[in-house]
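An overview of the molecular structure
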Amino acid sequence: TLLVTPLQLSAGVIGAPYSALMVAYQGTPPYTFSLSSGPLPTGMTLTPSGALAGTPQQAGIFNNISITAHDSVGAAGSRSYQLVINGAPISLGPSSLPDAVINQPYSAQLTASGGTPPYTFTSPNANVWVPGLQVNANGSITGTPTNSGAALLDFTVVVTDVKGSSGTHEFYINLRTGTLSLAPIVLPSATAGSAY
């Protein structure tokens, strides 16, 4: 059985050239390498001589990449890898969201910059949330919040672009019970020198 190295693959970056050389031992050269399972990121290839190279066009974690080596007399050996391709930086906005009022319709729009549109927005977790509101895939926050009292909503949003790059941001929405009204609408007139 041939021994295939390296033991693990270094991480790459989307849009940046990547190169790693596969090496086989304990056999009879020359060696021929092939991809036996698991797709490589778009833009990358494995040559028969063992050069894993290219410019990855997808970000993400690529599991179960199996590379097999054969020697000149038919011996073989394989190794499975995980290849991480880090994505392009993506920023989320806006810096602040408008207040929400209990039992009144709410609408706000999140934005993203960087990476490659279109973007998909998800809200994987929230420290403080309220029934009736939802973060939609297009980045809009809509719904009618229902709650027993005011709160500061605290939630995380993840945005992913078409090539797998992602960004994360923590947002806050001030949830109010309503708008106060002051009365009277008109104040009576005053006279100089007289008590009011």
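What counts as what
- Residues numbered from 1 in each chain as written.
- Predicted model: local features only at pLDDT ≥ 70, side-chain atom pairs only at ≥ 80, totals over all residues.
- Heavy atoms only, no water.
- Helix = DSSP H or I, 4+ residues; strand = E, 2+ residues; numbered from the N terminus.
- Rg over C-alpha atoms; globule rule 2.2 N^0.38 Å.
- Buried < 20%, exposed > 50% of the residue type's maximum accessible area, 1.4 Å probe, protein only.
- Contact = heavy atoms within 4.5 Å.
- Areas by Shrake-Rupley, 256 points an atom, 1.4 Å probe, with all protein chains shown as cover.
- Pairing = 2+ DSSP bridges.
- Core = buried A, V, L, I, M, F, W, Y, C linked by side-chain atoms within 4.5 Å.
- Polar contact = N/O pair within 3.5 Å; in protein donor to acceptor, adjacent residues only side chain to side chain.

All right, on to the overall build of the chain then. A tally of helices and strands in the chain yields 0 helices and 18 strands. Against the compact-globule benchmark of 16 Å for 196 residues, the chain has a radius of gyration of 29 Å, which places it well outside the compact range. The buried share among the 196 residues of the chain stands at 33%. Residue pairs in contact within the chain that sit at least 24 positions apart in sequence constitute 59% of those at least 6 positions apart. Element-wise, carbon and sulfur atoms account for 56% of the exposed surface of the chain, whose accessible area totals about 11,000 Å².

Bringing the pairing of strand β18 (residues 166-176) into the picture now. By the bridge criterion, 2 bridges tie strand β11 (residues 100-101) to β18 in an arrangement that is parallel. Within the sheet, the bridge partner assigned to V101 lies in β18 and is R176. With 10 bridges connecting them, strand β17 (residues 151-160) and β18 associate as antiparallel partners. Across the sheet, residue L153 finds its bridge partner in β18, namely I173.

Before going further, it helps to spend a moment on the pairing of strand β9 (residues 76-86). The side chains of a regular strand alternate between the sheet's two faces. Note that strand β2 (residues 12-13) and β9 share 2 bridges and pair parallel. Note that in β9 the partner of G12 across the bridge is I85. Across 9 bridges, strand β8 (residues 60-70) lies against β9 in antiparallel orientation. Bridge pairing links I65 to Y81 in β9. Linkage of β8 to β9, two consecutive antiparallel strands, is achieved through a turn of 5 residues, within which G74 is found at a positive phi near 100°.

Once that is clear, we can look at the side chain of T156. Mapping T156 onto the fold places it in strand β17. The residues contacting T156, other than those within four sequence positions of it, are T122, S123, P124, N125, T168, H169 and E170.

Nonpolar side chains in soluble globular proteins tend to end up buried together. In this structure, L9, M22, F33, L52 and L83 are the most contacted members of the largest nonpolar core, which totals 22 residues. Of all the secondary structure elements, the ones that give two or more residues to this core are β3 (18-21), β6 (44-46), β8 and β9. A total of 4 residues in this core trace back to one element, the largest contributor, which is β8. Leave out the neighbours within four places in its chain, and M22 touches V4, T5, P6, L9, F33, L46, S49, G50, I67 and Y81. The next biggest cluster of nonpolar side chains, apart from the first, holds 20 residues, and it includes L97, A100, L110 and L133.

Once that is clear, we can look at the side chain of S165. Examined against the element boundaries, S165 turns out to sit in the loop between β17 and β18. At a separation of 2.8 Å, a polar atom in the side chain of S165 contacts the main-chain amide nitrogen of A88. Discounting residues that sit within four places of it in the chain, S165 has contacts with I14, A59, G87, A88, I90, V159 and T160.

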